[in-house]
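Structural description and commentary
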Amino acid sequence: MNQDSNSNNANIDLALYLIPVTLGSANEQVLPSYNLGIIKEIKYFIVENKKSAIRFLVSLSKEIDIDSLTFYELNEHTDLKSIGNYLEPLQKHKQPMGVISEAGCPAVADPGAAVVAMAHKKHLKVVPLTGPSSIILSVMASGFNGQSFAFNGYLPVKNDERAKKLRQLESRAWNEDQTQLFIEAPYRNAKMLETIIRVCKKNTMLCIASGLTCQNEFIKTQSVEEWKNFNAETIQKVPAIFLLFKEMIKC
């Protein structure tokens, strides 16, 4: 990798590194060893949660000196007006920085997007590192259209609004041949499935992918009608992603 003459960290570029976090605990199975080399060179981190970020770093290597690190929290409770100085170590002091989410890829369904946008406005280099993405993994495993898909994040919590949104997504899946993805708080997964079964067409296809890359990984694609007999406790309280698509060609 090219060395940056202004950086005190000779082994890596002067940049904001977006560091994926494992969806489970098997770091060695889903994270490249290259990432660890980068992480060991970084002393300043922007994190969604300091405690979980520290747990992640400790799980990567006992050689990382946690006490020497500085953390800036950026989550749903952070006033975005207060993050203007978060990038000072990178911009003013020429130190590489890292962004760590709770799980998966930073800035994807994650508050970290705000600081990435700020980095671009300041003309700072942004480097995304390779790691697990439940969005891509679930599309790969679903059997649905992988050339056109849309991630819709969390759906409305209120029943009427949620039902309306589900119908809209289902319509797009059928009319635009586009896979529709969305997520839910793990403790509401069973409720989400119940709503999908009630609202969507019987022949609409639904894939549920939960616990991706973990020991309890579950991935299944079948029609909404077929999901009626499923024991929702299998996915309850487990991080999951839901995918809707039109009826597929029968083999």
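What you see is a predicted model; the values in this text were computed from it and never measured. (Residues numbered from 1 in each chain as written. Predicted model: local features only at pLDDT ≥ 70, side-chain atom pairs only at ≥ 80, totals over all residues. Heavy atoms only, no water.)

Turning next to the confidence of the model for the protein chain. On average, residues of the protein chain score 91 in pLDDT, and 94% of them are at 70 or above. Per-element confidence in the protein chain is highest for strand β7 (residues 179-183), whose mean pLDDT is 98, and lowest for helix α1 (residues 27-30), whose mean pLDDT is 69. (pLDDT = per-residue confidence, 0-100. Helix = DSSP H or I, 4+ residues; strand = E, 2+ residues; numbered from the N terminus.)

Attention shifts here to a nonpolar patch on the surface. Taken together, the side chains of Ile136, Met140 and Phe149 define a hydrophobic patch exposed on the protein surface, amounting to about 300 Å² of accessible area. Within the element layout of this structure, Met140 appears in helix α6 (residues 134-142). Classification of Met140 as exposed rests on a relative accessible area of 64%. (Patch = residues over 30% accessible without salt bridge, like charges linked within 9 Å, V, L, I, M, F, W, Y side chains within 5 Å. Areas by Shrake-Rupley, 256 points an atom, 1.4 Å probe, with all protein chains shown as cover. Salt bridge = Lys/Arg side-chain N within 4 Å of Asp/Glu carboxyl O. Buried < 20%, exposed > 50% of the residue type's maximum accessible area, 1.4 Å probe, protein only.)

Moving on, we get to the pattern of salt bridges. If you walk through the whole model with that rule in mind, you get nine salt bridges. For Glu176, the salt bridge identified is with Arg172, shortest N-O distance 3.8 Å. A residue pair is termed a helical-turn pair when its members lie 3 or 4 positions apart in one helix, as Glu176 and Arg172 do in helix α7 (residues 159-176) at four residues. The exposure class of Glu176 is partly exposed, given its relative accessible area of 46%. Taken together, the shared-partner salt bridges connect Arg162, Glu184 and Arg188 into one network.

Turning next to α7. Across its 18 residues, α7 extends 25 Å between first and last C-alpha, which sits within 8% of the 26 Å expected from 1.5 Å per residue. Taken together, the buried positions of α7 are Arg162, Ala163, Leu166, Leu169, Glu170 and Ala173. Buried positions in α7, seen along its axis, are confined to an arc of 125° and lie on one side of it. Along α7, exposed side chains directed more than 90 degrees from the buried face belong to Asp160, Lys164 and Asn175. A positive backbone phi angle near 55° is found at Asp177, which sits one or two residues after α7. (Expected span 1.5 Å × (residues − 1). Arc of directions from axis to C-beta.)

The strands that make up a sheet are held in pairs by hydrogen bonds between backbone atoms, and each pair lies either parallel or antiparallel. Across the sheet, which stays open at both edges, the five strands sit in the order β6-β7-β10-β8-β9 with mixed pairing between neighbours. Single-partner strands in this sheet number two, and they are β6 (149-154) and β9 (218-223). The average angle at which neighbouring strand axes cross in this sheet is 15°, direction not considered. Pairing of β7 with strand β10 (residues 240-245), which is carried by four bridges, proceeds in the antiparallel orientation. Its bridge partner lying in β10, Gln180 is registered against Leu244. Across the sheet, α6 lies against β6, β7, β8 (205-210), β9 and β10, angled at about 45° from β10, the strand it touches most. On the sheet, helix α8 (residues 189-199) packs against β7, β8 and β10 and is oriented at approximately 10° with respect to β10. (Pairing = 2+ DSSP bridges. Axes fitted to C-alpha atoms, helices over the stretch in contact; angles between N-to-C directions. Contact = heavy atoms within 4.5 Å.)

Moving on, we come to the layout of surface pockets. Quantified by volume, the largest pocket comes out at close to 820 Å³. Looking at the largest pocket, it is lined by 31 residues, and the ones nearest its centre are Ala103, Ala109, Tyr154, Ile183 and Pro239. Of all the secondary-structure elements, those providing two or more residues to the lining of the largest pocket are α6, β6, β8 and β10. Among the residues making up the lining of the largest pocket, the classes are represented as 19 nonpolar, seven polar and five charged. (1 Å grid on protein atoms, 1.4 Å probe; cavity = no way out; pocket = protein on both sides within 12 Å on 5 of 7 lines; lining within 4 Å. Points joined across faces, edges and corners; volume = space filled by probe spheres on them. Nonpolar A, V, L, I, M, F, W, Y, C, P; charged D, E, K, R; others polar.)

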